[in-house]
Amino acid sequence: MKNKRSERGQSILLFAILMPLMSLFLLGILDTMITNARVMETVAAADLAAHAGAQEITVLPNGAISAAPAGTGVAALYFNAQRAGHAQLSSVSCGRHQDRPACLVVARTRSAGYILPTRWVTVRAIGYLAHGVTRGDQ
């Protein structure tokens, strides 16, 4: 008889302890998933903008790279047209990167911040100019 009375309520106690822990665990997973989705959306917009800006670069017959001032504007225009509300454009640089004609777009996005503190995640996308692919060639 004594054993039955001492085991009473164990299920309720375990449920009361594990339920908040499971809720925190699930909120942590949700926080990570939403942050990853936001980063992927920002990467997509930055990549599109970098490739659009790279198409404005001209390579002169002597091999010199001439970055048109419109390249940064085109990249910013493409990024702002495709970005999600949580993404921000940090900088655009079109010209020579890693000894190749390219456009570098740096953007940032906010994490979800449900469990972990809200932080900024920086994304860098670089679009290289492919040979023979400029805006005038299309």
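Preceding this section is the structure that the text describes.
Fair warning: this is a prediction, and the values are worked out from it, not measured in the lab.

Student: Quick rundown of the overall build of the chain? Include the residues and the values.
Tutor: Secondary structure assignment for the chain yields 3 helices and 5 strands. Taking as baseline every contact in the chain between residues at least 6 positions apart, the subset at least 24 positions apart corresponds to 58%. Summing over all exposed atoms, the chain offers an accessible surface of approximately 9,200 Å²; the carbon and sulfur share of this is 60%.

Student: Go over helix 3 (residues 70-82) with me, naming the residues and quoting the values.
Tutor: A rise of 1.5 Å per residue sets the reference length of helix 3, with its 13 residues, at 18 Å; its end C-alpha atoms lie 18 Å apart and thus fit the reference within 8%. Along helix 3, the residues classified as buried are Gly71, Val74, Ala75, Ala76 and Phe79. Where helix 3 is buried, its residues touch helix 2 (10-54), strand 3 (87-97) and strand 4 (100-110).

Student: How would you explain the state of the cysteines if you had to name every residue and give the values?
Tutor: Going through the model one piece at a time under the given rule, you end up with 1 disulfide. Two residues share a disulfide in this structure: cysteine 94 and cysteine 103, whose sulfurs sit 2.1 Å from each other. A torsion of -40 degrees about the S-S bond marks the disulfide between cysteine 94 and cysteine 103 as left-handed. For cysteine 103, a relative accessible area of 0% gives the class buried.

Student: Before we move on, could you go through the side chain of histidine 97 and cite the residues and values that matter?
Tutor: Residue position: histidine 97 is located in strand 3. Of note is the side chain of histidine 97, whose polar atom sits 2.9 Å from the backbone oxygen of serine 93.

Student: I'd like to hear about the pairing of strand 3, residue by residue, with values.
Tutor: Moving residue by residue along a regular strand, the side chains alternate between the two faces of the sheet. One ladder, built from 10 bridges, connects strand 3 with strand 4; its direction is antiparallel. Within strand 4, the position partnered with serine 91 by the bridge is valine 106. If you look at the hairpin formed by strand 3 and strand 4, you'll find 2 residues sitting between the two strands, and glutamine 98 has a positive phi there, around 55 degrees.

Student: Account for the sheet that holds strand 3, naming residues and giving values.
Tutor: Strand order in the open sheet made by the 3 strands is 3-4-5, with antiparallel pairing throughout. The open sheet is flanked by strand 3 and strand 5 (120-128), the only strands paired with a single partner. Direction aside, the axes of adjacent strands within the sheet are offset by 15 degrees on average. With 9 bridges connecting them, strand 4 and strand 5 associate as antiparallel partners. Pairing of cysteine 103 across the sheet is with glycine 127, part of strand 5.

Student: Outline the side chain of aspartate 31, listing residues and values.
Tutor: Its location among the elements puts aspartate 31 in helix 2. Arginine 119 provides the closest opposite charge to the buried, unpaired aspartate 31, separated from it by 5.3 Å. Beyond its immediate chain neighbours, meaning those up to four positions away, aspartate 31 contacts Ala112, Gly113, Tyr114, Ile115 and Leu116.

Scoring rules and cut-offs
- Residues numbered from 1 in each chain as written.
- Predicted model: local features only at pLDDT ≥ 70, side-chain atom pairs only at ≥ 80, totals over all residues.
- Heavy atoms only, no water.
- Helix = DSSP H or I, 4+ residues; strand = E, 2+ residues; numbered from the N terminus.
- Contact = heavy atoms within 4.5 Å.
- Areas by Shrake-Rupley, 256 points an atom, 1.4 Å probe, with all protein chains shown as cover.
- Expected span 1.5 Å × (residues − 1).
- Buried < 20%, exposed > 50% of the residue type's maximum accessible area, 1.4 Å probe, protein only.
- Disulfide = S-S within 2.5 Å.
- Polar contact = N/O pair within 3.5 Å; in protein donor to acceptor, adjacent residues only side chain to side chain.
- Pairing = 2+ DSSP bridges.
- Axes fitted to C-alpha atoms, helices over the stretch in contact; angles between N-to-C directions.
- Lys, Arg positive; Asp, Glu negative; His and termini not counted.
- Salt bridge = Lys/Arg side-chain N within 4 Å of Asp/Glu carboxyl O.

The quantities given are spatial measurements derived from coordinates; they are silent on function.
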